[in-house]
Amino acid sequence: MISPAFLSVVLLACLSAAQAQSLPVSVPLTAPSSAVTVKPSLMALSIEQDRWTDWAGTTAKNGFFFNTLDNLKQRTGVAPPLRIGADSEDRTNYNAEVDYCENVFPAFSLTTPYPEANNNIVGDKYYHIASHLPSGTRIIWGVNFGGNNITAAFLAAKSLKKAFQSSAMKDAGVTLDFIEIGNEGDLFRFNGDRNASTFTIDEYTKEWTTFATNVSAAANMDSTGIKFMGGAFSSSDHATFAPQGLFSNGILNSAPGKLITSISQHHYSGSFCQGNGGLLQDLMTKATIRSNISEFAVDVVATRAQGLDYILGETNSYACHGAPGVSNTAGAALWSLDYMLFSTQIGVSQVYFHQGVGYKYSMIQPAMLTRSIIDGSNLTTPLAPHLQPAYYAALIATEAIGTSGSTKAVELTIDDPRVAGYAFFEHGTLKRAVLINSEAFLTTTTTPRTSKVINLSFSGSGSKPKTMTIKRLAIEHADDDHGLTWGGQTFETKDARPSGAISVQTVEVSAGLTISATEVVLLSFQ
Ligand SMILES: *[C@@H]1O[C@H](CO)[C@@H](O)[C@H](O)[C@H]1NC(C)=O
Ligand SMILES: *[C@@H]1O[C@H](CO)[C@@H](O)[C@H](O)[C@H]1NC(C)=O
Ligand SMILES: *[C@@H]1O[C@H](CO)[C@@H](O)[C@H](O)[C@H]1NC(C)=O
Ligand SMILES: *[C@@H]1O[C@H](CO)[C@@H](O)[C@H](O)[C@H]1NC(C)=O
Ligand SMILES: *[C@@H]1O[C@H](CO)[C@@H](O)[C@H](O)[C@H]1NC(C)=O
Ligand SMILES: *[C@@H]1O[C@H](CO)[C@@H](O)[C@H](O)[C@H]1NC(C)=O
């Protein structure tokens, strides 16, 4: 008879073997033909238009927000681009008498503690404060199309032109690259902005062309160099409200249509107003990230065939401004990173993570909060501006891309449903790799934290690196909403600047490495 003690020893041995699986990962020494160029501006932010003044600052710049952008600019040499728009874009009206902006907000609720404004009345200074941004910042600004009052778009375009032609803006080095006419025009059929039975893609294209003709004249787009961002639809059926539908309706043939040089698509992985650990694991899962992004591959191909750029112009984890306990946690940082890097592989050139004051999925909270982002309850102590975990994904992605200006990346083929990886090349030569272990280790997980031993090898010709540095994103639990460190440093400080000494390990490549559940490592090869 086998003793229970013996059985438990066997069980333990099996468990520890399961906890430290060896996983072969082969990294090409030179960029394979499938590697894609990754822009230094891949990591971008979409900002809800109503509270733009909270982000930029009015009489003086918002130093906290500036620093969050500058941290990223230090890593790539390029300031992260911004899109200022979303729902409140179609509720914005211009009034020369307004100083910066006057908002009318609806009542908040448990699921939406920080709703978008119903009404956003702006004056010239609202646009001028873009000069508070880091030098080199490039912007997409949305104007009101949903309201179906061309005067609103006309006046906003004139004010935008004035702001971006000003010497203050030129001195600041901030550029308006694009105007976007309306946010998620496909939804106008369902939100009361247009008639559901008559507002087809054909009608959309006609009305867009009328607005764009007016806006292009108001913003003097022929001489200012400002272009139109096309699309910005909430979902794609690949035929009608999609780049394909815009092209087949001849949008690019009109005079303003010729000013479209890029197509924007919006995407959320789902809509969940309540969260749990299972939902967090779903979000982080390698396969669901790939299936969510791959949906758009045909749209990218159709867009690039017209010689246009393609971006995810507004995206984040889950609608409802994020799922509580999911979108605002460390696991969402792993999702953001894998989602952003995988997007490059289908030809997306920039990923604009949507941000709003008090939104659960924001990387950045730029203003003092007095209500809980989770349920709207009063906070006994207001929360000063701070970073949320997803910001670490921005740090890692920008660091992996680096300052070469011509970095290429390829996804590594890793035979594991939880481990994803990418290699980064400069001038064709392997420089760095990112590995992500997306198994959620939660505060509620009762089994020991697992890990994988990565057995690295190199493929292709070229000299094999002997040593590498390992930089880790340290996370206690996937559902933690603070307390992460990147290479030993926290960025969760009063001014969003890093605190603490950088801590990395330098090891022989042949020693391999271990990656724990819910961890990211950045390898830099020497
Ligand atoms: C359109 O907007 C302008 C400027 O805000 C306003 O004066 C006008 O009344 C609006 N027209 C309609 C029909 O609402
Ligand atoms: C644009 O629309 C405004 C407001 O209706 C109008 O005053 C202006 O003349 C229009 N511009 C062009 C070029 O049609
Ligand atoms: C939408 O358009 C249809 C067809 O022209 C019309 O019958 C219907 O009354 C319109 N609906 C609204 C809400 O205006
Ligand atoms: C997108 O990801 C979510 C998990 O976050 C999943 O529930 C959903 O089915 C995915 N959608 C597609 C189209 O793959
Ligand atoms: C929350 O704070 C606001 C503003 O101070 C106050 O009016 C409200 O009564 C408070 N609500 C609760 C539930 O304490
Ligand atoms: C690592 O992979 C190499 C082949 O690339 C293999 O020879 C070696 O046994 C592996 N090591 C471990 C510990 O699995």
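What you see is a predicted model; the values in this text were computed from it and never measured.

What about the pairing of strand E8 (residues 138–143)?
Thinking step 1. Among the six residues that make up E8, five are buried, leaving the element largely enclosed by the rest of the structure.
Thinking step 2. Where E8 and strand E9 (residues 175–181) come together, six bridges link them in parallel fashion. Pairing of Ile140 across the sheet is with Phe178, part of E9.

Comments concerning the packing of helix H10 (residues 277–284) against helix H11 (residues 286–294)
Thinking step 1. At a minimum axis distance of 5 Å, the contact between H10 and H11 shows a crossing angle of 60 degrees. Accordingly, the angle class assigned to the pair H10 and H11 is oblique. Residues Asp282, Leu283 and Met284 of H10 form the contact with H11, whose own contacting residues are Lys286, Thr288 and Ile289.
Thinking step 2. In terms of residue class, the contact of H10 with H11 is made up of three nonpolar, one polar and two charged.

Considerations on the site of ligand 4
Thinking step 1. Around ligand 4, the neighbouring residues are Ser269, Asp282, Leu283, Thr288, Ser291, Asn292, Glu295 and Tyr318.
Thinking step 2. A distance of 2.3 Å separates an oxygen atom of ligand 4 from a polar atom in the side chain of Asn292.
Thinking step 3. The side chain of Tyr318 places a nitrogen or oxygen atom 2.8 Å from an oxygen atom of ligand 4.
Thinking step 4. With the chains in place, 65% of the 360 Å² that ligand 4 exposes on its own is no longer accessible.
Thinking step 5. For the shell around ligand 4, the secondary-structure elements that each account for two or more residues are H10 and H11.
Thinking step 6. It is H11 that provides the largest number of residues to the shell around ligand 4, a total of three residues.
Thinking step 7. Grouping the amino acids of the shell around ligand 4 by side-chain chemistry returns two nonpolar, four polar and two charged.

Digging into helix H13 (residues 330–345)
Thinking step 1. Between its first and last C-alpha atoms H13 spans 24 Å; for 16 residues at 1.5 Å apiece the expected length is 22 Å, and the two agree.
Thinking step 2. Counting buried positions over the 16 residues of H13 gives 15, a clear majority of the element.
Thinking step 3. Just past H13, the residue Gly347 takes up positive phi, approximately 100 degrees.

Digging into the sheet that holds strand E12 (residues 309–316)
Thinking step 1. Spatially, the eight strands close up into a barrel ordered E3-E4-E8-E9-E10-E11-E12-E13, and their pairing is parallel. The sheet shows a mean angle of 25 degrees between the axes of neighbouring strands, direction not considered.
Thinking step 2. Across four bridges, the pairing between strand E3 (residues 43–48) and strand E4 (residues 82–85) is parallel. Across the sheet, the residue bridging to Leu45 is Leu82, located in E4.
Thinking step 3. Contacts between helix H7 (residues 201–218) and the sheet are confined to E9, strand E10 (227–233) and strand E11 (260–268), with E10 contributing the most and set at about 150 degrees to the helix.
Thinking step 4. Contacting E3, E11, E12 and strand E13 (350–355), H13 crosses the sheet at an angle of about 150 degrees to E13.

Things to note about the confidence of the model for the chain
Thinking step 1. Here the chain averages 96 in pLDDT, and 96% of its residues register 70 or above.
Thinking step 2. Residue range residues 1–18 is modelled with pLDDT below 50. Its contacts to residues more than four positions away, or to other chains, number one contact.

Some thoughts on the sheet that holds strand E5 (residues 92–94)
Thinking step 1. Spatially, E5-E7-E6 is the arrangement adopted by the three strands of the open sheet, whose pairing is mixed. The open sheet is flanked by E5 and strand E6 (101–104), the only strands paired with a single partner. Strand-to-strand, the axes of this sheet are offset by a mean angle of 20 degrees, without reference to chain direction.
Thinking step 2. Here E6 pairs with strand E7 (residues 119–122) via four bridges, running antiparallel. Residue pairing across strands places Glu102 opposite Ile121, the latter belonging to E7.

Regarding the pattern of salt bridges
Thinking step 1. Taken as a whole, this structure holds 18 salt bridges when the rule is applied.
Thinking step 2. The salt bridge involving Lys162 is made with Asp124; its shortest N-O contact spans 2.8 Å. Here Lys162 is found in helix H5 (residues 150–165), whereas its partner Asp124 is found in helix H4 (residues 124–128), with 38 residues between them in sequence.
Thinking step 3. Among the residues examined, Lys162 registers a relative accessible area of 46% and is labelled partly exposed.
Thinking step 4. For Asp124, a relative accessible area of 21% corresponds to the partly exposed category.
Thinking step 5. A salt bridge links Lys471 to Glu399, with the shortest nitrogen-to-oxygen separation between them at 2.7 Å.

Examining the pairing of strand E19 (residues 419–426)
Thinking step 1. Taking burial as the measure, the eight residues of E19 include eight buried ones, the bulk of the element.
Thinking step 2. Side chains of E19 alternate between two faces, with Val419, Gly421, Ala423 and Phe425 and Ala420, Tyr422, Phe424 and Glu426 buried alike.
Thinking step 3. Strand direction decides the pairing type here: strand E18 (residues 408–411) and E19, joined by four bridges, are antiparallel. Its bridge partner being in E19, Ala409 is matched across the sheet by Phe424.
Thinking step 4. By the bridge criterion, eight bridges tie E19 to strand E20 (residues 429–437) in an arrangement that is antiparallel.

Considerations on the environment of Pro81
Thinking step 1. Mapping Pro81 onto the fold places it in the loop between helix H3 (63–76) and E4.
Thinking step 2. Sequence separation of Pro81 and Ser166 is 85 residues, and the distance between their C-alpha atoms is 20 Å.
Thinking step 3. Pro81 has contacts with Ser41, Met43, Ala44, Leu45, Arg138, Gln350 and Tyr352, leaving out every residue within four places of it along the chain.

Conventions used here
- Residues numbered from 1 in each chain as written.
- Chains lettered and ligands numbered in written order.
- Predicted model: local features only at pLDDT ≥ 70, side-chain atom pairs only at ≥ 80, totals over all residues.
- Heavy atoms only, no water.
- Buried < 20%, exposed > 50% of the residue type's maximum accessible area, 1.4 Å probe, protein only.
- Helix = DSSP H or I, 4+ residues; strand = E, 2+ residues; numbered from the N terminus.
- Pairing = 2+ DSSP bridges.
- Axes fitted to C-alpha atoms, helices over the stretch in contact; angles between N-to-C directions.
- Parallel < 35°, antiparallel > 145°, perpendicular 65-115°, else oblique.
- Contact = heavy atoms within 4.5 Å.
- Nonpolar A, V, L, I, M, F, W, Y, C, P; charged D, E, K, R; others polar.
- Near = heavy atom within 4 Å.
- Polar contact = N/O pair within 3.5 Å; in protein donor to acceptor, adjacent residues only side chain to side chain.
- Areas by Shrake-Rupley, 256 points an atom, 1.4 Å probe, with all protein chains shown as cover.
- Expected span 1.5 Å × (residues − 1).
- pLDDT = per-residue confidence, 0-100.
- Salt bridge = Lys/Arg side-chain N within 4 Å of Asp/Glu carboxyl O.

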